[in-house]
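What follows is each chain in one-letter form.
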Amino acid sequence: MGDDSEWLKLPTDQKCEHKVWKARLNGYEEALKLFQRIKDEKSPEWGKYLGLIKKFVTDSNAVAQLKGLEAALAFVENAHVATKTTGEVVSGVVCKVFNQPKARAKELGSDICLMYIEIEKAEVVQDELLKGLDNKNPKIVVACIEALRRALSEFGSKIVTLKPVVKVLPKQFESREKAVRDEAKLLAVEIYRWIRDALRPPLQNINSVQLKDLEEEWVKLPSSPPKQTRFLRSQQDLKAKFEQQAQGGDQSDGDDEDEPVAAVDPYELLEAVEVLSKMPKDFYEKIEAKKWQERKEALEAIEVLTKNPKLENGDYGDLVRALKKVVGKDANVMLVSLAAKCLAALAAGLRKKFGTYAGQVVPTILEKFKEKKPQVVQALQEAIDAIFLTTTLQNLSEDVLGVMDNKNPSIKQQASLFLARSFRHCVQATLPKSVLKPLCAALIKQVNDSAPEVRDAAFEALGTAMKVVGEKAVNPFLTDLDKLKLDKIKESADKVELAGGKKGAGGGASDKKPAAKASAEAPPKSSGPPKKTQSAAASKSSAGAAKKGKPASAAGGKTKKTSDSKEFTETELSPEVCEDLAAGVLPASCLQQLDSANWKERLASMEEFQKAVETLDKAAMPCQALVRMLAKKPGWKETNFQVMQMKLHVVALIAQRGQFSRTSASVVLDGLVDKVGDVKCGGNAKEGLTAIGVACSLPWTAEQVVSMAFAQKNPKNQAETLNWLSNAMKEFGFTGINVKGFINNVKTALGATNPAVRTAAIALLGVMYLYMGAPLRMFFEDEKPALLAQIDVEFEKMQGQSPPAPIRCNKKAAEEEGDDGDEQDEDGGGGGQDIMDLLPRTDISDKITSDLVSKIEDKNWKIRKEGLDEAAAVISDAKFVTANIGELPLALKGRLNDSNKILVQQTLTILQQLAVAMGPGLKQHVKALGIPIITVLGDSKTNVRTAAMNTLQAWVEQTGMKEWLEGEDLSEELRRENPFLRQELLGWLAEKLPTLRTVPADLMLCVPQLYACLEDRNGDVRKKAQDALPTFMMHLGHDKMSKAAGKLKPASKDQVVAMLEKARAVMPAKPAAPAKTGGGKGSAEPSRAASASRSQPAGDDLPDGKPEGKKIRGGGGGAAKKGAASKKPAAKGLKDDEDRSGPIFVLVPNAKEQRIKEEKQLKILKWNFITPRDEYVEQLKTQMSTCFAKWLQDELFHFDFQRHVKAIGVMIERLETESDATISCLDLIMKWFTLRFFDTNTTVLMKVLEYLKLLFAMLNRENYHLTEYEANSFVPYVILKVGESKDVVRKDVRAILAMLCKVYPASKVFPFLMEGTKSKNSKQRAECLEELGCLIEGYGMNVCQPTPAKCLKEIAVHIGDRDTSVRNAALNTVVAVYNVCGEQVYKLIGNLSEKDMSMLEERIKRSAKKTPAAPAKQSAPERTQREHPTNPNATFLRKPSQEDPNKLKIMYRTYRIQARQNAQHSESSHPSIPKEFQLDLDMIEMDQSRVCELPDLVQHKLDELLEPIMIPERKMRSVSPQFDDLHNSTASTINFVISQVASGDINTSIQALAQIDEVLRQEDKAEVMSGHIDQFLIATFMQLRLIYSTHIADDRLDKKDIIKLYSCIIGNILSLFSIESLAKEASMGVLKDLMHGVITLLLDSRVEDIEDGQQVIRSVNLLVIRVLESSDQTNMISALLVLLQDTLVTTAGSPMFSELVIKCLWRLIRFLPETINTINLDRILLDVHNFMKVFPKEKLKQLKSDVPHRTLKTLLHTLCKLTGTKILDHLSMIENRNESELEAHLRRVFKHHGNMSGVKSDRGNEKGGLHMDDRMSKAKVSDILSEIFKKIGSKENTKEGLTELYEYKQKYSDADVEPFLKNTSQFFQSYVERGLRMIESEREGKARIQTSTVIPQHGVDSSLSSSNEDLKPAVYYERLKILRQRQGLENTSRQQGVGGSEDEPQQRPSISSLLSSKPSVASSTDMLHSKLSQLKESRELYQQEQNTHSPTHASTRSASPAANLDDLKKRLERIKSNRQ
């Protein structure tokens, strides 16, 4: 059980993956319990198992697998994340579970599949199961079929898509395995239950026996439709409904009966067949043949082909034309019926795709109905019925109306019957009033036809229409019919059976829902989509009829309406009947006095009349009788104005209070019109007309009144009538006005002689213009110019005004108004539609002759052009044309793909012209001509595309969008892989879709193409597709679109789903009501709605009514919800300003802490996502609600980005005033901004960044620190934006990141940026890397969290990135690290490929270190230090303001404290020092503010300083007596010249070197260099390093200059090291750096490539030998040991380098016998000890080469040999000697070789060694000289050779060249001598010039001391150093790597930082720290790098110039006295 106990301890998820099956079994059991226990479906626990579930089901052990399946089932059922596993798990089930022998396993597998379906993954499951059907294992196939059957049986055909299943079903019937066939049979039976006969066609080709079996099974099935028994998670409401029904019995079965039945269309299950290619090749010849038999053969061939139930889409134009010709013109009736059958079959097979051809064929078929033969008629009927189903009645109505007036009764009859059949297929939505009205008018004419069959057909058609749309909608058109005919129509309506057995709207809807039916007198559109009724409801409420639309009044409305409809046909009553009725309600006296001769009696009678009317009840008032009484003699001829006024007032009362019919109105209107112009009675007459307008609808009243007025001759009446009408239009609105009815009268008025009439007419036109817009002018274009000008002036006045809101409502027009509003939306074609219908149109079909068509189709382009010109002329002559334009559409379509682009553009222009001319009739040509316009959008020429887009827009203006979106045409266009077409079309759709309220379902067909465009190769297409995505989603919904995305490949799917989420956030809302201000019906209301939304307070009453109305009519929650949403912005009303004045953030104590706590406890979602999901947004809304002002929150979460911009604007304004509250809500504010980072809108983004910059500035001022919680939910998202493509955004984000480091530790920002470098976006990676570099430069290596090594390795990976910018950024970042920590960088970055390493080395060489590694920006103030004091650099970044001045003073003091007494003199002698570098030392000393804080100075035994004033004796040489004075006067000059050696300017450097060379060459003057040697060597190797890293890589520099500079440097060092006393002054650190520089130069291959480079390398070799021989041997050996240690530590260093260092060591070892007495053994052994500490014996042996190990052994062995055991006494400087490996090694050496103290025996050897060495060096000399003489002898190099010989003689004056000259000719010898003399004189002259031209540019009043072994002065400096440390000064000097304190941006950095490289052990820079006199070459090289200090050496090796002690002593005296 040992193993068991091992795995028993593991956590559950690890057990599930264990290799032991028992462990897995145990794991599955535990997991099952866990899954059943977790209640929260979104628990993070589920995430652990995401990747394991597939292993659960595919376990190789059957027992474990069974348990795994149970656990997997529990997981799928309960886990929110389970959907992610669908594909892999179901595929695992199919392959590994369905083949198991155990039935339980298969059952569980099947359950898992069904559970996935339940959690909305039906498509994926189905795909996997269908894939399983192709498996070779029959067991798997059987199980898959069974699973599909179970799924269908339980979930139904709506969830399981049957088309793919039916497609593969026949194949299963052919299987060899009986089990598969049997299972397939069961599946077929199950499918049949759901779709019935739709399954027959796909299975018609299976084995007849099998089919027979199936038929038998099918018969047994119950006839009742099956019900869904299992429901998706999203269908829980449906489940509840089903359960209710089950409890309540079967009473509601009928309602849902058609639901499942309608679910599957058999057509959808069929495979389309391509028939065009199979047509007989000679078909078109045969169809034209003279013999009817041949024509019949051709047709029969087509009939066979077209019998296929589903045909592939293609160009059937030619075939349709051929068949049409047969139908129209063939004399043989048999062929006519055959062609008609072919057309019917084509229409049935193509469905909507045939719609394009419908317009061409229908007129021909209708004309052919003149045939009497039943078989022909029947074939034609079938054809036209099939064609109707492919298009809409709207498209065919023109053609049908065209034959309604035909003389042939058969045609009329068949047209009516066709309409009757067509109506059956319509619903209210597809049979709008605009279509119904003209058809009813035509049918009413036929009702009165003489032929009985025509009448009957008309009755049937009208009855069907009534059944479909309800009586209420049809009755207005039937006013002129008598009762008998009306009854007949109703009788027909009762007999009608609609398609699908529905009860029409007239019956069923009113029976079921009487209240909803007439609510608020809304139109009866219960079956239409609820959205369409929206505008009608809105218009109702705004019209003021039923302000709140209460249901009670609605019911009343219904009864009233019924009575009204009776009164519409109110018959005229005879005078007797009227008198009887009037007598019943009026007093007798009143009736008697009505016609009295006395006017007073008549007046009294009228008063009584008025009282009676006022008291009468509405229902009891006999309106017609009363008005007839008023018209009784004298009637309207009343002469007394008082009586007349009263009479007119009573008419108005009756109209208002009674049920006033049009019959009653016609009795009084004449009288009213007659009096309308009367001065006294006109007002009352107008009041009466208005009342009648309310009662009988303004449109009808206006028409009657205007025609009556113009039938009179009285101009006053005419003018006043027009004035009344103008006013009435404003009061009632324009709804329903029949312009045609009085437009001619207006024209008459315009031509009237009376100016008042003309003025009134023009004023009326002005009012009409408000509603109708520009199209109104079309009616008057033929008027006289003067009149037209007046009309235009009036129109101009009205321009820009919106029509006033209607204040009256037509009682009877209320319903129609609703209808029209809807209808207009449906047309979507703008307000001008009605006017367009009224225009007189010309039929130009007869002018489109076959000649014209053939011209347009001619082969010669010129003739084609002529044809097009003619067509354009025909259209422009006609001005307005009917929809019938003959063959022109097909001809123009051909020209749209003409090879001649000019003709294409001309065709587009004609189509634009046609759009304007044809108006709304254009709709029927959309398919034939409109879609080809879209194809032109794919043209490669921009001007053609522009023309096509303009044409398209012109067409859409006339047709609306509906026709374009119907059918598959649009998706077919998008399928074309043409980038131009795609981007233009998508752009157009993105613009149009948001304006539509509804779209056809066919838009869904475009979605797959849209997804393809999202991944198109062309960037513009992708952009347009992304823009269009939200507009598609707005109509289709997110669910449908994500479902469609499920069908994509996994890679595409992820991408598309992410885009869908983004689109969801920016999805526009559907327009609430059409804001069209054109004419037509219902336009007043929408325009008012529009104006109301502009001025919110004005619209207060509007939104109140809107949602109410919607709830009643739409009856759906969705509509109501929408209403509420639309109400929000408008309903704020006047309170807005008050609300917004309050604070925008609420300061809730501890709210943020509470939120942090909740997130930690996982009570709320952690703010961590790739794209924000809805739940995050909702959570944020909830959290904000407590601490944000309500209005601000609404703005922040508004769908309109403009609102976001406004809200951010307010937040910016309040940032300062509400800073505390802002900080309290900071986490929420930042979270909201992260959401905005996912928006694509640049305007919002820029505003967001603007706010964030201000926010961080404020937080910085407030000293606020971000918490981890705030940073985690914000920083990762702001880093996303650093990769934005727009520069302006990136710039802002970078600024924000810089500011972020002030309020959040840089070390914590670093990991976020590291995460950002992993992005797929290369810009983001590059920017993040750049930021990392900045952080390292600014804050040092400590920001690299978790460890520098780990971070650097990750950064270095990017050096190999594909993207150049990323590579560069990575290299720059590593260089930044190099600048901070030098060679150590190679160790940190780990192993890089050779290519990457070479790139890095190259970059490090090139990077000119011109700027110090100081922080580029003054960031992270003091509080950063508080946050994480572990960062040693943080002290450096402090900026407490009060310290600034004093700190600066102290810095300056350290800089100048060693200045000599002759400072005055030096400064005056160098007037050119820049201002900022001139220090007023005395001022600094006088300043007591800081000095007084130095109490410790006295207590440090400073008295000692006063004693040793004498200059200590030097070991190496004596000091000449005059040295001091000389030094005094020249020290500053030498300092200055030396500082120029390190200059970045080559010439400056060469000049400086020449001057020093001059000094060094003169032995008497060379002494002045004493004390400046280290300083000079530092400057020299700095220059070497500068050449190496910068100059040599700079192509702009002349390489000869570089060689010249090298020569000067090498010459100088050779000169220096030939003066022994000076050579010995070089200190260890300086020698180490010098050797490093020189060896690097030796190895630099670039130098060799330069001309004369070889010579330089040879000189360097010579130089190395000279330095090794001449320098202090102790220092040299130490330097080489330390250098070797460094090179071995840096693994990335060149192996050649370490080899050369070792060779140098070997050479020194050879010198040891001579130098042993002069060297300091203690120091050398200390260095060896340190070396062995870093490289113990084992580590040394591990190195690739054993040479370092051997070298060390040889060194120690030689030392032991030379000193014997005494060497053990020299280990004094080593701490813990006993632990030292060195001592042990030395003892071992003695042990092996016995006592070596007897050195004498070896003396001989020593000498031998020495002689050998001499010989070697002599051999070397002769080599060099022979090389030189070779050069002199060669033609090319003779001059160079002479120069070298001269230099050689200069350096080695004792060198003997005689042997080389001896054997040469006399001529050669004199040539050499002459050459040497010339060089000498040349050089002397040059040196003179150079010395005279030296003008010191910078006075540097300081000097560097010699490096002396005398320790005395160093002690004093050490003490001074301690004092400085106490005052916090030493800190700054130790932190050179970070680069100066922030407080001294202008201050000169110390020479240590200027002149140090990166020595990792003690180096020259250590010593320089203690030399307080510093150098500065102001233009050059601020290089600051961190130094590691070796304290042991600091004290022993630092020395100070004796000459400066004087000065130091005096200054300390002064400071001391100041203190006292």
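To be clear, the structure that these remarks concern was listed above.
Rules used throughout
- Residues numbered from 1 in each chain as written.
- Predicted model: local features only at pLDDT ≥ 70, side-chain atom pairs only at ≥ 80, totals over all residues.
- Heavy atoms only, no water.
- Helix = DSSP H or I, 4+ residues; strand = E, 2+ residues; numbered from the N terminus.
- Buried < 20%, exposed > 50% of the residue type's maximum accessible area, 1.4 Å probe, protein only.
- Areas by Shrake-Rupley, 256 points an atom, 1.4 Å probe, with all protein chains shown as cover.
- Contact = heavy atoms within 4.5 Å.
- Expected span 1.5 Å × (residues − 1).
- Polar contact = N/O pair within 3.5 Å; in protein donor to acceptor, adjacent residues only side chain to side chain.
- Axes fitted to C-alpha atoms, helices over the stretch in contact; angles between N-to-C directions.
- Parallel < 35°, antiparallel > 145°, perpendicular 65-115°, else oblique.
- Left-handed = near helix turned anticlockwise from the far one by under 90°.
- Nonpolar A, V, L, I, M, F, W, Y, C, P; charged D, E, K, R; others polar.
- Salt bridge = Lys/Arg side-chain N within 4 Å of Asp/Glu carboxyl O.
- Phe/Tyr/Trp six-rings, centres within 6.5 Å; stacked < 30°, edge-to-face > 60°.
- Lys NZ or Arg CZ within 6 Å of the ring centre and 35° of its normal.
- Disulfide = S-S within 2.5 Å.

(A) Quick peek at the overall build of the protein. What the protein contains, in helices and strands, is 111 helices and 0 strands. For the protein, the proportion of its 2020 residues judged to be buried stands at 54%. Total accessible area on the protein stands at roughly 89800 Å², and carbon and sulfur atoms take up 52% of it.

(B) Structural view of the environment of Val 142. Here Val 142 lies in helix α10 (residues 138-155). Linking Val 142 and Glu 177, residues 35 residues apart in sequence, is a C-alpha distance of 9.4 Å. With near-sequence residues (within four places) excluded, Val 142 lies in contact with Ala 179, Val 180 and Glu 183.

(C) Spotlight on helix α44 (residues 755-772). Counted at 1.5 Å a residue, the expected span for α44 with its 18 residues is 26 Å, and the 25 Å between its end C-alpha atoms agrees. Near the N-terminus of α44, the side chain that reaches the backbone nitrogen of Ala 756, with its oxygen 2.8 Å away, is that of Asn 754. Looking one or two places after α44, you find Gly 773, whose phi comes out positive at around 75°.

(D) Up close: the packing of helix α90 (residues 1573-1589) against helix α91 (residues 1599-1618). At a minimum axis separation of 11 Å, α90 and α91 run at an interaxial angle of 155°. Relative to α91, the element α90 lies roughly antiparallel. Between α90 and α91 lies a crossing whose hand is left-handed. Contact residues: Ile 1573, Phe 1576, Leu 1577, Thr 1580, Gln 1583, Leu 1584 and Ile 1587 in α90; Ile 1602, Leu 1605, Tyr 1606, Ile 1609, Asn 1612, Ile 1613, Leu 1616 and Phe 1617 in α91. Of the residues assigned to the contact of α90 with α91, the class counts are 12 nonpolar, 3 polar and no charged.

(E) Representation of helix α25 (residues 409-424) within the structure. A rise of 1.5 Å per residue sets the reference length of α25, with its 16 residues, at 22 Å; its end C-alpha atoms lie 23 Å apart and thus fit the reference within 8%. Counting buried residues along α25, 14 of its 16 residues qualify, which places the element largely inside the surrounding structure. Sitting at the head of α25, Asn 408 places a side-chain oxygen 2.8 Å from the backbone nitrogen of Ser 410.

(F) Looking closely at the pattern of salt bridges. Taken as a whole and assessed by the stated rule, the structure comprises 72 salt bridges. Its salt-bridge partner being Glu 45, residue Lys 48 comes within 3.1 Å of it at the nearest N-O pair. Of this pair, Lys 48 and Glu 45 both sit in helix α4 (residues 45-48), 3 residues apart, which is roughly one turn of that helix. In this structure, the salt-bridge partner of Asp 111 is Arg 150, at a minimum N-O distance of 2.9 Å. Of this pair, Asp 111 sits in helix α8 (residues 103-118) while Arg 150 sits in helix α10, and the two are 39 residues apart along the sequence. Note on Arg 150: relative accessible area 22%, which makes it partly exposed. Via salt bridges that share partners, Asp 111, Glu 118, Arg 150, Glu 154, Arg 230 and Arg 233 belong to a single interconnected network.

(G) Main features of the packing of aromatic side chains. Counted by the stated rule, this structure contains 25 aromatic pairs. With 4.4 Å between their ring centres and 15° between their planes, Tyr 769 and Phe 795 make a pair best called stacked. Placement of the pair is Tyr 769 in helix α44 and Phe 795 in helix α45 (residues 785-798), with a sequence separation of 26 residues. Ring geometry for Trp 1167 against Phe 1169: centres 5.1 Å apart, planes inclined by 75°, an arrangement best described as edge-to-face. As far as the burial class goes, Trp 1167 and Phe 1169 line up, both buried. The structure contains a cluster of three or more aromatic residues connected by ring pairs, namely Tyr 28, Phe 35, Trp 46, Tyr 49, Phe 56 and Phe 75. When the ring centre of Phe 641 is taken as origin, the NZ or CZ atom of Lys 680, which lies over that ring, is 4.3 Å away. Sitting over the ring of Tyr 1588, Arg 1646 keeps its end group 5.0 Å from the ring centre.

(H) Representation of the state of the cysteines in the model. The full count for this structure, using the stated rule, is 0 disulfides. The thiol of Cys 1013 is unpaired, and the distance to the nearest cysteine sulfur, on Cys 1006, comes to 9.8 Å. You can call Cys 1013 buried: its relative accessible area is 0%. In this model Cys 1301 remains outside any disulfide bridge; the closest cysteine sulfur is found in Cys 1334, 9.6 Å from its own. For Cys 1301, a relative accessible area of 3% puts it in the buried group.

(I) Inspection of the side chain of Ser 422 at higher detail. Summarising the element assignment, Ser 422 is placed in helix α25. With sequence-adjacent residues up to four places away left out, Ser 422 is seen in contact with Phe 388 and Leu 393.

(J) Just the environment of Glu 453, in detail. Among the structural elements, Glu 453 can be located in helix α27 (residues 452-469). The exposure class of Glu 453 is partly exposed, given its relative accessible area of 33%.

(K) Quick peek at the packing of helix α12 (residues 178-195) against helix α13 (residues 208-220). Relative orientation of the contacting elements α12 and α13 amounts to 45°, with a least axis distance of 10 Å. Taken as axis vectors, α12 and α13 run oblique relative to one another. Our pair here, α12 against α13, has a crossing hand that is right-handed. Of the residues in α13, those in contact with Arg 181, Lys 185, Ala 188, Val 189 and Tyr 192 of α12 are Gln 210, Asp 213, Leu 214, Glu 217 and Trp 218. Of the residues contributing to the contact of α12 with α13, the split by class is 5 nonpolar, 1 polar and 4 charged.

Keep in mind these numbers describe shape, not what the thing actually does.
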